[in-house]
Amino acid sequence: MVLIDSRFHVAIRPFLATDSERVQALVSNKAVARMASNILYPYPKDGAKTWIASHGAQHRGGTAIIRAIVSLATNQCVGAISIDQITRGLNASGNLGYWVGEPYWNQGFCAQAGQLMLQLATKEYAMKRVVAAHRVDNLASGKVLEKLGFNELQPEYMIHSSGQHLFRCYEKLL
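What this report covers is the structure whose coordinates are included nearby.

Rules behind the numbers
- Residues numbered from 1 in each chain as written.
- Predicted model: local features only at pLDDT ≥ 70, side-chain atom pairs only at ≥ 80, totals over all residues.
- Heavy atoms only, no water.
- Buried < 20%, exposed > 50% of the residue type's maximum accessible area, 1.4 Å probe, protein only.
- Helix = DSSP H or I, 4+ residues; strand = E, 2+ residues; numbered from the N terminus.
- Pairing = 2+ DSSP bridges.
- Polar contact = N/O pair within 3.5 Å; in protein donor to acceptor, adjacent residues only side chain to side chain.

A look at the pairing of strand β3 (residues 64–71)
The two faces of a sheet get side chains in turn, since along a regular strand they alternate between them.
Piece 1. With respect to burial, β3 is a largely interior element, eight of its eight residues being buried.
Piece 2. Residues Ala64, Ile66, Ala68 and Val70 line one face of β3 and the alternating positions Ile65, Arg67, Ile69 and Ser71 line the opposite face, and both faces are buried.
Piece 3. Of the strand pairs in this sheet, strand β2 (residues 10–13) and β3 are connected by four bridges, and their pairing is antiparallel. The partner of Ala11 across the bridge, within β3, is Val70.
Piece 4. Relative to strand β4 (residues 76–87), β3 runs antiparallel, the two being bridged by eight bridges. Bridge pairing in β4 links Val70 to Cys77.
Piece 5. The turn linking β3 back onto β4 is made up of four residues, and Asn75 within it adopts a positive phi angle of 60 degrees.

So, the environment of Lys45
Piece 1. Within the element layout of this structure, Lys45 appears in the loop between α2 (30–35) and α3 (47–61).
Piece 2. C-alpha of Lys45 to C-alpha of Val78: the two residues are 33 residues apart in sequence and 19 Å apart in space.

Here we look at the side chain of Asn138
Piece 1. Within the element layout of this structure, Asn138 appears in the loop between β6 (129–135) and α5 (139–147).
Piece 2. For Asn138, a relative accessible area of 13% gives the class buried.
Piece 3. A polar contact is formed between the side chain of Asn138 and the backbone nitrogen of Ser141, at a distance of 3.2 Å.

And the structure:
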């Protein structure tokens, strides 16, 4: 399912195997890996291909919703957005994460994709709560979460691929 809102310049859709080369190039950037909490640097050869191939099982298992962020101007993948750590039931919840390639920073892609993903989480997955976190030095991510209406919680130390770091934590009730 592709989600598009005519007010936005992005769409979100499931990843395609053909996205792997583009994703590999975007995440092989040290600056992107530094800001994302789950991207290794250097990124493994064929890491994007393996990662994209894992999405079907996660979706079928109900553990994650992973989508490509696509620029409508170029019809190219510019990043990823996901909700993982999904719990089911009356208080269904998940953890929002996103990244875009460095050439696409500060252009509104994450905030717009976030709005689409939150719509999907509410309508298709009946989620009631979504949490998110970012490194304290990633101010742009904090602005995205504020635009999406998240409320800030207490900061926490968490493990990042490069070690333990202080993260700002947020939640949004849907």
